[in-house]
Amino acid sequence: MDVRFVTSIAVITPNPSISRGLYVEALGLPLMGEADGYLHSEDIDGCKSFGVWPLAQAAQACFGVPDWPADRPVPQVSVEFEVADAGTVQIAADELKERGLTLLHDARTEPWGQTVARLQSSEGLIIGISYAPSMHP
């Protein structure tokens with residue numbers, strides 16, 4: 001697998017308003033809010049993208065439902081690793097499966113154009129293998 005860079009790091013929050021208080025108000029991070037409650041910035045030095053991802057959205061993205069499954073550890077962080085192109089995402093996902101890892105979902109293209117496959121690590125993190133066209137000038 002040829003990981004090019006870390007695409008994004010996102011805190012996963014069960015309470016977006018409390019997290020906004022820390023990351024935007026107390027720390028003063030330049031996070032922009034989306035209508036759905038996702039906060040993010042691509043303007044923090046040293047990080048391609050930093051986000052605050054509501055848990056309900058993470059559950060929807062991974063399982064297609066707004067509630068995180070009770071039989072899985074509740075994630076606190078999502079880390080996405082960028083590969084060369086959209087077609088490489090499924091190849092990387094297949095490599096992970098060959099190593100005995102279980103994916104939350106195979107490669108798929110999200111409405112904003114990113115192709116991503118996800119798994120959950122033994123620590124409970126959501127790990128994405130992705131290709132985000134906006135990250136490639």
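On a predicted model such as this, the values are computed, not experimentally measured, just so you know. (Residues numbered from 1 in each chain as written. Predicted model: local features only at pLDDT ≥ 70, side-chain atom pairs only at ≥ 80, totals over all residues. Heavy atoms only, no water.)

A few words now on the sheet that holds strand β2 (residues 32–33). Taken in spatial order, the eight strands make up an open sheet running β2-β3-β4-β1-β5-β8-β7-β6, and their pairing is mixed. If you trace the sheet from one side to the other, it starts and ends with β2 and β6 (103–109), each paired once. In terms of strand pairing, strand β3 (residues 39–41) meets strand β4 (residues 50–54) through three bridges, oriented antiparallel. Counterpart to His-40 in the pairing with β4 is Gly-51. Strands β1 (5–13), β2, β3 and β4 of the sheet are contacted by helix α1 (residues 16–26), whose axis makes an angle of about 165° with β4. Contacts from helix α2 (residues 55–63) reach β1, β4, β6, β7 (115–120) and β8 (126–131), with the element oriented near 85° to β4. (Pairing = 2+ DSSP bridges. Helix = DSSP H or I, 4+ residues; strand = E, 2+ residues; numbered from the N terminus. Contact = heavy atoms within 4.5 Å. Axes fitted to C-alpha atoms, helices over the stretch in contact; angles between N-to-C directions.)

Across the protein, pLDDT averages 93, with 100% of residues at or above 70. Confidence scores differ between elements of the protein, with β2 showing the lowest mean pLDDT of 88 and β7 the highest of 97. (pLDDT = per-residue confidence, 0-100.)

Taken together, the six bridges between β1 and strand β5 (residues 77–82) define a ladder with antiparallel strand orientation. Directly across from Phe-5, in β5, lies its bridge partner Glu-82. Sheet topology places β5 next to β8; five bridges connect them, and they run parallel. Across the sheet, residue Glu-80 finds its bridge partner in β8, namely Gly-128.

What follows is about α2. Looking only at α2, the buried set comprises Leu-55, Gln-57, Ala-58, Ala-59, Ala-61 and Cys-62. Downstream of α2 by a residue or two, Gly-64 has a phi angle that is positive, lying close to 80°. (Buried < 20%, exposed > 50% of the residue type's maximum accessible area, 1.4 Å probe, protein only.)

Within helix α3 (residues 86–98), burial applies to Val-89, Ala-92, Ala-93 and Leu-96. One side of α3 carries all its buried residues, which in axial view fall inside an arc of 105°. Exposed positions of α3 whose direction lies more than 90 degrees from the buried face are Ile-91 and Glu-98. In the core, the buried residues of α3 are packed alongside β6, β7 and β8. In this structure Asp-85 caps α3, since a side-chain oxygen of it lies 3.1 Å from the backbone nitrogen of Gly-87. Gly-100 sits one or two residues past α3 and shows a positive phi near 90°. (Arc of directions from axis to C-beta. Polar contact = N/O pair within 3.5 Å; in protein donor to acceptor, adjacent residues only side chain to side chain.)

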